[in-house]
Amino acid sequence: MEPIRVVHYLNQFFGQLGGEEAAGVGPRIEAGPLGPGRQLQARLGPGLTIVATAICGDNTFADHPESTARELSALILPYRPDLVIAGPAFNSGRYGYSCGQLCATMEAAGIPALTGMYEENPAVEQFRSRTLIVRTGATARHTAQALDAIAELAQRVARGERIAYPAQVGCFPAGMRRAAIREAEAAERAVDMLLRKLAGEPFVSEISRPTFTPVTRATMRVPLSQSTIALLTDGGLVTRGNPERMPNGYTDRFTAVSIDGLRHFTPEAVEVNHGGYDTQFVNSDVNRLVPLDAARELEREGLFGRLYETVYATAGLGMALNNAREIGRQIGQRLVQARVDGAILTST
Amino acid sequence: MGVPIVQVCSMRQVAEMVGSPRIVIGKSVLHPTGDPSLDESGELALRRHILESALAMLAAGEHSNAA
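These notes cover the structure that comes with them. (Residues numbered from 1 in each chain as written. Chains lettered and ligands numbered in written order. Predicted model: local features only at pLDDT ≥ 70, side-chain atom pairs only at ≥ 80, totals over all residues.)

Some points on the overall build of chain B
Defined as follows: Helix numbers and strand numbers start at the N terminus; a helix is a DSSP run of H or I with at least 4 residues, a strand a run of E with at least 2. To sort residues by burial, count the other C-beta atoms lying within 10 Å of each one's C-beta; a count of 20 or more means buried, 12 or fewer means exposed, and anything in between means partly exposed. C-beta atoms are built from the backbone. Working definition of a contact: two residues with C-beta atoms, positioned from the backbone, lying within 7 Å.
Each helix and strand in chain B was counted, giving two helices and three strands. Along chain B, from the amino end to the carboxyl end, the secondary structure elements read β-α-β-α-β. For chain B, the residues scored as buried account for 42% of the 67 residues in total. In chain B, 37% of the contacts between residues at least 6 apart in sequence involve partners at least 24 apart.

If you want it as structure tokens, here you go:
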């Protein structure tokens, strides 16, 4: 039987091109295993062969993720891989991001892929739903164990095994729910869990709670008196008549309400569309939701430089977390592009 | 580089749970920057106070404060 073809991905450091000074190198590929790939090959055995090693600098990948992933794909695909293995990246942020992005790109192209990371690597949260990520230690000191786990999983994936529950094979859970038939009905399982809890015994809840990581605090780059400040809200602000058709909850979109030339909000200009709270007080005076009148006063008095001309808003009711993150990312991107220096978000 | 932000809200624990970087406590879930029991000038003063707290926090990089 022909051996299963594996392409391995490494950054500039593990690919032996250099350290931080080489982080700007572009995508390239070499035949055969390299660096930690040699140790990986030894663990993969004769059934799986690392036919090539793709390498790219971490900065190149981080600065141009999509085009870099495309270029790497173009280099990798001629090697006809059955499987792509990236890293492991341990707790390295940019390397983790590169490995995750490449694996996600490969998976999207129908080629199974897997990588390895430490639990605090931000790329885990970003890519665990799109590729298999083996749990590893935080640093390259844990290379041996990481490669053991990666090689074992690679064998299973290469045999065509479909990994339905990544958490059961040493990976981070993909965050998906799958329909399954359980022996005991829900009431029995719940009582069993309760009894275990009362007895101080370990149990695993069937409800997975979302985990949040604290937002890294940005700092203001200019004095307040010269700053451009944006007002934002999750309380359901829309232009009168809701021309953007924002739903009043469970939404995946946001509105951009112009306040250019407005000294305060009037019911002729805007209204509040939110299904999660009694909006009568804010609808009778929308400044109670977004403090435009007071902000204009403070702007005139010179406490801050200038009010940004658009209020971005959404209706934060029953919103799916991934929608919330995407809305936040898009609004953040617009604020950065507009050179806004600070933002005030009012929440209901 | 990100944009510094402060959240004006009433449910501090929710804001803390989701990792909000700066928190100012608003008047109410129903009207974070208003108070229907006050007259017009009283409400405006309330809004100014909340905004001044929020802006000061943005400028100083402070962590948390009640309005």
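What to know about the sheet that holds strand 3 (residues 48-56) of chain A
Residue and element names in this part refer to chain A. Rules: Two strands are said to pair when DSSP picks up at least two bridges between them. Angular values range over 0 to 180 degrees, each being the angle between N-to-C directions of two axes fitted as lines to C-alpha atoms, with helices fitted over their stretch in contact.
Pairing is mixed across the open sheet formed by six strands, whose spatial order is 2-3-1-4-5-6. Looking at strand neighbours, the two that pair on one side only are strand 2 (28-31) and strand 6 (132-135), the edges of this open sheet. On average, each strand axis in the sheet is inclined to that of its neighbour by 25 degrees, with strand direction left out of account. Two strands pair when backbone bridges link them, and strand 4 (residues 83-90) and strand 5 (residues 113-117) are joined in this way by four bridges, in the parallel orientation. Considered in strand 5, the bridge of Ala86 is made with Thr115. Along the sheet, helix 1 (residues 36-44) makes contact with strand 1 (4-11), strand 3 and strand 4, crossing strand 3 at roughly 160 degrees. Each of strand 1, strand 3, strand 4 and strand 5 is contacted by helix 4 (residues 93-108), which is oriented at about 165 degrees to strand 4, the strand it contacts most.

Some points on the interface of chain A and chain B
Worth spelling out the cut-off: For this classification, Asp, Glu, Lys and Arg are treated as charged, while Ala, Val, Leu, Ile, Met, Phe, Trp, Tyr, Cys and Pro are nonpolar and the rest, including Gly, are polar.
Facing the 37 residues of chain A at the interface are 32 residues of chain B. Looking at the side of chain A that touches chain B, the elements that each hand over two or more residues are helix 8 (280-284), helix 9 (292-301), helix 10 (321-337) and strand 13 (342-346) of chain A. Class assignment for the residues of the side of chain A that touches chain B results in 22 nonpolar, nine polar and six charged. Strand direction decides the pairing type here: strand 13 of chain A and strand 1 (residues 5-9) of chain B, joined by four bridges, are parallel. Bridging from a neighbouring strand, Ala343 of chain A pairs with Ile5 of chain B of strand 1 of chain B.

Remarks on the pairing of strand 7 (residues 228-233) of chain A
Residues and elements named next belong to chain A. The buried fraction of strand 7 is high, at five of six residues. Pairing between strand 7 and strand 11 (residues 306-307): two bridges, direction parallel. By the bridge assignment for strand 11, Ile229 is matched with Leu307. Of the pairings in the sheet, the one linking strand 7 to strand 13 comprises five bridges and is parallel in character. In the sheet register, Thr233 faces strand 13, and the bridge partner there is Thr346. Direction of pairing for strand 7 relative to strand 12 (residues 310-313): parallel, over a ladder of two bridges. Residue pairing in the sheet places Thr233 in a bridge with Ala313 of strand 12.

Remarks on the packing of helix 9 of chain A against helix 2 (residues 40-60) of chain B
Selection rule: Crossings are classed by handedness, with left-handed meaning an anticlockwise turn of the near helix from the far one by less than a right angle and right-handed meaning a clockwise turn.
At a minimum axis distance of 9 Å, the contact between helix 9 of chain A and helix 2 of chain B shows a crossing angle of 65 degrees. Of the two possible hands of crossing, helix 9 of chain A and helix 2 of chain B adopt the one that is right-handed. Contacts between helix 9 of chain A and helix 2 of chain B involve Asp293, Ala294, Ala295, Glu297 and Leu298 of chain A on the former and, on the latter, Leu44, Arg47, Arg48 and Leu51 of chain B. Of the residues assigned to the contact of helix 9 of chain A with helix 2 of chain B, the class counts are five nonpolar, no polar and four charged.

Description of the environment of Ala74 of chain A
Within the fold, Ala74 of chain A resides in helix 3 (residues 65-76). C-alpha separation for the pair Ala74 of chain A and Pro27 of chain A, spaced 47 residues apart in sequence, amounts to 9.9 Å.

Focus on the environment of Arg70 of chain A
All names here are of chain A. Along the polypeptide, Arg70 turns up in helix 3. Given 12 C-beta atoms within a 10 Å radius, Arg70 is considered exposed. A sequence separation of 32 residues divides Arg70 from Leu102, and the C-alpha atoms of the two residues are 8.6 Å apart.

So, unusual backbone geometry
All names here are of chain A. Cis geometry marks the peptide bond from Gly87 to Pro88; its omega dihedral reads 15 degrees. As for its position among the elements, Pro88 is in strand 4. Of note, Gln16 is a non-glycine position whose phi angle comes to about 65 degrees, a positive value. The topology assignment puts Gln16 in the loop between strand 1 and strand 2. A positive phi angle is found at Phe90, which is not glycine, with a value near 50 degrees. Position of Phe90 relative to the elements: it lies in strand 4.

A few points about the packing of helix 1 of chain A against helix 6 (residues 143-158) of chain A
Residues and elements named next belong to chain A. As a reminder, the rule being used: Each angle gets one of four labels, with under 35 degrees taken as roughly parallel, over 145 as roughly antiparallel, 65 to 115 as roughly perpendicular, and the rest as oblique.
Between helix 1 and helix 6, the least distance of the axes is 9 Å, while the angle of their chain directions is 50 degrees. Taken together, the axis directions place helix 1 and helix 6 in an arrangement best described as oblique. Handedness of the helix 1/helix 6 crossing: right-handed. Listed contacts from helix 6 to Pro36, Gln39, Leu40, Arg43 and Leu44 of helix 1 are Thr143, Leu147, Asp148, Ile150, Ala151 and Ala154. Among the residues making up the contact of helix 1 with helix 6, the classes are represented as seven nonpolar, two polar and two charged.

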